[in-house]
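# Architecture at a glance
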Amino acid sequence: MEILKVEELKMHFPVYGGIFYRQIARVFAVDGVSFSIEAGKTLGLVGESGCGKSTIGRALLRLYEPTAGRISFEGKDITHLSGSSLRELRSDMQMIFQDPFESLNPRHTVGSILEEPFQIHRWGTPLERRQEVLRLLDRVGMPADSVHKYPHEFSGGQRQRIGIARAIALKPKLIICDEAVSALDVSIQSQILNLLVELQQEMGMAYLFIAHDLSVIRHVSDQIAVMYLGRIVEIAERDSLYKNPLHPYTQALIASIPVPDPRRRKTFTPLQGEVPSPLNPPPFCHFVERCAYAQAVCSQQTPQLSSIDGSDPSHRVACHFAGRLSHK
Amino acid sequence: MTEALLEVKHLATEFITEQGVARALDDISFHINAGETLGIVGESGCGKSVTSLSIMRLLPRPAGSIVSGEVLLQGQDLTRLAPEEMHHIRGNRIAMIFQEPMTALNPVYRVERQLGETLVLHNPQMSKDEIRAASIRMLKRVGIPAPERRMQEYPHQLSGGMRQRVMIAIALLCEPEILIADEPTTALDVTIQAQILQLLKDLQQETGMAIIFITHDLGVIAEVCDRVLVMYSGRIIEQAEIHTLFDTPLHPYTRGLMNAIPRLDKPAKQVLSTIPGMVPSLFDTPPGCRFQNRCEYAQPQCRATTPPLEGDSDQHQVRCFRFRELMH
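Residues numbered from 1 in each chain as written. Chains lettered and ligands numbered in written order. Predicted model: local features only at pLDDT ≥ 70, side-chain atom pairs only at ≥ 80, totals over all residues. Heavy atoms only, no water.

### As for the overall build of chain A
Scanning chain A from N- to C-terminus turns up nine helices and 12 strands. Whereas a compact globule of 328 residues would reach a radius of gyration of roughly 20 Å, chain A reaches 21 Å, a difference of no more than 12%. Viewed in the frame of its principal axes, chain A has a C-alpha envelope of about 70 × 55 × 45 Å. Burial analysis of chain A (328 residues in total) assigns 54% to the buried set. Residue pairs in contact within chain A that sit at least 24 positions apart in sequence constitute 63% of those at least 6 positions apart. Of the roughly 14,900 Å² that chain A leaves accessible, carbon and sulfur atoms contribute 50%. Side-chain charges in chain A split into 36 positive and 35 negative, and the spacing between the mean points of these groups amounts to 2 Å. (Helix = DSSP H or I, 4+ residues; strand = E, 2+ residues; numbered from the N terminus. Rg over C-alpha atoms; globule rule 2.2 N^0.38 Å. Buried < 20%, exposed > 50% of the residue type's maximum accessible area, 1.4 Å probe, protein only. Contact = heavy atoms within 4.5 Å. Areas by Shrake-Rupley, 256 points an atom, 1.4 Å probe, with all protein chains shown as cover. Lys, Arg positive; Asp, Glu negative; His and termini not counted. Charge placed at Lys NZ, Arg CZ, Asp CG, Glu CD.)

### Overview of the overall build of chain B
For chain B, the count of helices and strands is 13 helices and 12 strands. A globule of 328 residues ought to have a C-alpha radius of gyration of about 20 Å, and chain B, at 21 Å, matches this closely. When its C-alpha atoms are laid out on the principal axes, chain B stretches across 70 × 50 × 45 Å. Looking at chain B residue by residue over its 328 residues, the buried ones come to 54%. Of the contacts made within chain B by residues no fewer than 6 positions apart, 64% connect residues no fewer than 24 positions apart. Taken together, the 32 basic and 39 acidic charged side chains of chain B have centroids lying 4 Å from each other.

### Some words on the domain arrangement of chain A
Residues and elements named next belong to chain A. On domain assignment, one finds that chain A holds domain 1 (1-109 + 153-221) and domain 2 (249-328). Just the C-alpha atoms count here: the centres of domain 1 and domain 2 sit 25 Å apart. Taken together, the contact between domain 1 and domain 2 spans nine residues of the former and nine residues of the latter. Approximately 780 Å² of surface area, both sides summed, lies buried where domain 1 meets domain 2, with 68% of it carried by carbon and sulfur atoms. By the criterion of area lost to domain 2, the three top residues of domain 1 are V27, E48 and L214, representing 52% of everything that side buries. Here domain 1 is connected to domain 2 by one salt bridge. Along the contact surface separating domain 1 from domain 2 lie one residue pair in polar contact (both at pLDDT 80 or more). Counting residues per element, the ones that place at least two in the side of domain 1 that touches domain 2 are β2 (22-38) and α7 (214-220). (Domains from an automatic or database assignment. Buried area = accessible area lost by both parts, 1.4 Å probe. Salt bridge = Lys/Arg side-chain N within 4 Å of Asp/Glu carboxyl O. Polar contact = N/O pair within 3.5 Å; in protein donor to acceptor, adjacent residues only side chain to side chain.)

### Examining the nonpolar core
One finds I96, I164, I168, I175, F209 and Y249 of chain A to be the most contacted residues of the largest nonpolar core, which totals 69 residues. For this core, the element with the highest residue contribution is helix α6 (residues 186-203) of chain A, accounting for seven residues. Summarising the domain contributions, this core has at least three residues from each of domain 1 (1-109 + 153-221) and domain 2 (249-328) of chain A. In this view, I168 of chain A contacts L136, V140, I175, L199, M203 and M205 of chain A; residues no more than four positions away in its chain are not counted. Judged by nonpolar contacts, the second largest core, of 63 residues, contains I97, L105, V111 and L199 of chain B. (Core = buried A, V, L, I, M, F, W, Y, C linked by side-chain atoms within 4.5 Å.)

### Focus on the layout of surface pockets
Empty space within the largest pocket amounts to approximately 1,200 Å³. H212 and D213 of chain A together with T186, H216 and D217 of chain B are the residues nearest the centre of the largest pocket, which is lined by 50 residues in total. The set of elements that each furnish at least two residues to the lining of the largest pocket consists of α6, β8 (206-211) and α7 of chain A together with α1 (48-56), α8 (190-207) and α9 (218-224) of chain B. Of the residues assigned to the lining of the largest pocket, the class counts are 21 nonpolar, 17 polar and 12 charged. Shared between two domains, the lining of the largest pocket holds at least three residues of each, these being domain 1 (1-109 + 153-221) and domain 2 (249-328) of chain A. (1 Å grid on protein atoms, 1.4 Å probe; cavity = no way out; pocket = protein on both sides within 12 Å on 5 of 7 lines; lining within 4 Å. Points joined across faces, edges and corners; volume = space filled by probe spheres on them. Nonpolar A, V, L, I, M, F, W, Y, C, P; charged D, E, K, R; others polar.)

### Some details on the interface of chain A and chain B
Every contact between the two is made by 47 residues of chain A and, on the other side, 48 residues of chain B. The contact between chain A and chain B buries some 3,900 Å² in all, and 53% of this surface belongs to carbon and sulfur atoms. In this assembly, chain A and chain B are joined by one salt bridge. Across the pair R263 of chain A and D247 of chain B runs a salt bridge, and its minimum N-O distance is 2.9 Å. Across the contact surface, chain A and chain B share 19 residue pairs in polar contact (both at pLDDT 80 or more). Of all the secondary-structure elements, those providing two or more residues to the side of chain A that touches chain B are α6, α7, α8 (238-243) and α9 (248-256) of chain A. Among the elements that make up the side of chain A that touches chain B, the one with the highest residue count is α6 of chain A (10 residues). The class makeup of the residues in the side of chain A that touches chain B is 18 nonpolar, 17 polar and 12 charged.

### Digging into helix α11 (residues 252-260) of chain B
Extensive coverage of α11 of chain B is indicated by the burial of seven of its nine residues. Among all positions of α11 of chain B, only P252, Y253, T254, G256, L257, M258 and A260 of chain B are buried. If you follow the buried residues of α11 of chain B, they end up packed against α6 of chain A together with α9, β9 (227-232), β10 (235-241), α10 (242-247) and α13 (323-326) of chain B.

### As for the pattern of salt bridges
Following the criterion strictly, the structure yields 30 salt bridges over all chains and no others. Of the charged contacts, one joins E202 of chain A and R139 of chain A as a salt bridge, the two residues approaching to 2.7 Å between their closest N and O atoms. In this pair, E202 of chain A is assigned in helix α6 and R139 of chain A in helix α4 (residues 126-139), connecting sequence segments 63 residues apart. Put simply, E14, R23, D26, R235 and R290 of chain B are held in one network by salt bridges that share partners.

### Let's talk about the packing of aromatic side chains
Residue and element names in this part refer to chain A. Tallied over the entire structure, the rule returns nine aromatic pairs over all chains. A centroid spacing of 5.4 Å and a plane angle of 65° characterise the contact between Y249 and F287, whose relative ring orientation is edge-to-face. One end of the pair, Y249, is in helix α9; the other, F287, is in the loop between α9 and β11 (306-307), with 38 residues separating them in the sequence. Taken individually, Y249 and F287 each receive the classification buried, so the pair is uniform in this respect. Through a chain of ring-to-ring contacts, the aromatic side chains of Y228, Y249 and F287 assemble into a single cluster. (Phe/Tyr/Trp six-rings, centres within 6.5 Å; stacked < 30°, edge-to-face > 60°.)

### A look at the pairing of strand β1 (residues 6-17) of chain B
All names here are of chain B. Alignment of β1 against strand β4 (residues 64-73), held across eight bridges, turns out to be antiparallel. Residue pairing in the sheet places F15 in a bridge with G64 of β4. One ladder, built from nine bridges, connects β1 with strand β2 (residues 20-32); its direction is antiparallel. Across the sheet, the residue bridging to E14 is R23, located in β2. In textbook terms, the turn of a hairpin is the stretch between consecutive antiparallel strands, and for β1 and β2 this stretch comprises two residues. (Pairing = 2+ DSSP bridges.)

### Details of the sheet that holds β2 of chain B
Read from one edge of the open sheet, four strands run β2-β1-β4-β5 (chain B), paired in antiparallel fashion. Both outer strands of the open sheet, β2 and β5 (76-77) of chain B, are each paired with one neighbouring strand and no more.

### Considering the environment of Q114 of chain B
All names here are of chain B. When you line up the elements, Q114 lands in helix α4 (residues 111-122). A relative accessible area of 8% places Q114 in the buried class. Between the alpha carbons of Q114 and S135 there is a distance of 9.6 Å; along the sequence they are 21 residues apart. Those residues within four positions of Q114 in sequence are excluded, and the remaining contacts are L105, N106, Y109, P155 and I170. In terms of polar contacts, Q114 uses its side chain to reach the backbone carbonyl oxygen of Y109, at 3.0 Å.

Put into structure tokens, the structure is as follows:
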């Protein structure tokens, strides 16, 4: 069952400048993106800085007002919800942020941070709430005496556990994890990844897992979408994507990951150039300037996200030459 | 055996803070030969950056100071040099690049002035035209397209990858014998990281400089280093030739680190192995082995005395009493 469906989502931000501070341009942060997430499953959203992956996360939670497109949650259109129905929605859809330093209020104790979601949604008596807070702390592997402490008394990994406890408090159906483990050291990162996978198996939540690290994305995801400059360039089941990447950008991304094995050193630079400015992306295929396979048609027509004939229909790619590229 | 280019002997560095004295480095000994790439790997707070700042004598004053040990650059002890003499070593013989070039570059000077400044400082006899020509040559060498135009730009006009290239250009202007690279690719996207790593390898081939490469990423270590030091809580806990380290890691911490990374060549969604607990605070380090509280092999001896850094050969040394048992 689909829990979330996004259709042709667009998120444009105005840019102001000049003497009269008028709008002089628009940034196409998200430029027509469609995907869906199954209940209890994880969709990984991967891409480099500025590709629009975090903007999507925020638009889904309606922290931004989408410019165009439609977002539905459990079949209900939530694109323009407001007031109490929006608040109700947010008990079903929660977020875990990258920086646990910035997302926890430094002046509140951990107990009151964790109690807040219950208060906002008028759940239980004070006693029940406090018991629930203790249960949450225990579930994420934090000692019960954390209740009286402040966020600065904890390490990054522990703070991320508190952020997770807050996100799961109201038993949401979908959690958006925005670079949730990127700021953590390797040995702590694996603890948090294990916790997220366990919680999903236990509570059956769906995750939208946003990250730039392809190894982490592969570890947690069932399905993966690769973004480049505001668009999804490839979307597929996890194994299909890593075994048979079809878009030249996905191929380059996978080839760029440093492998912790000195016998498999790279002997070439996989991709030249840099991501163009989102203010002025190349029209049609956004990747054309960096692509080794680009031809005239790539600068004349926008490639559509579609599956290629004779292969898995759930593996879709936006490239005119998908399936016809020989691996270099 | 030829004399090492740089030899660090029993270096100890302390920071005096409000909470007391923190021994950030304890008994650090290693060497690096000309043309070699030495990796230093470890998690936040292990002392890898303090090691580089101690070598460069750039510790924040007055809090940080070297309390004992020697840093020998071809036999000359840098810890005893007067500040003016140290100026001639920095930049000329040992140069450094940092993680975030935006903080290392001066935001109000054009690229031209930042390069020129370094040249003037170390070569006062150079004419303006010579400086300009040398700067442009250097920018070209680090792969900056249209260097004449880039010379007139400010750091904020450059992308992250370009800024890191400018930093590398400044560092290499005076042809140093040693380049210390402190997490130079951590803030960059993977495809740009691959470009910068390749650039550093190419430049090393051309100039024969030694590189000390500091990172938390074992994948990057495997990609570029000849030899590796693993640090934990202010000490070197293992040191080995690159293939030896990845084939037979001996210290329980090194093994834990390697197993904790999600890898593309392992099945997804499996429980990652973790290292329980956290790094001890530098204000409250336990006597004996610093890893004892997280180590599954710890025994009474580990809590009483500090294990020496020892091994069966110069190629592989480890700070663990039980390494011979763990070899098999």
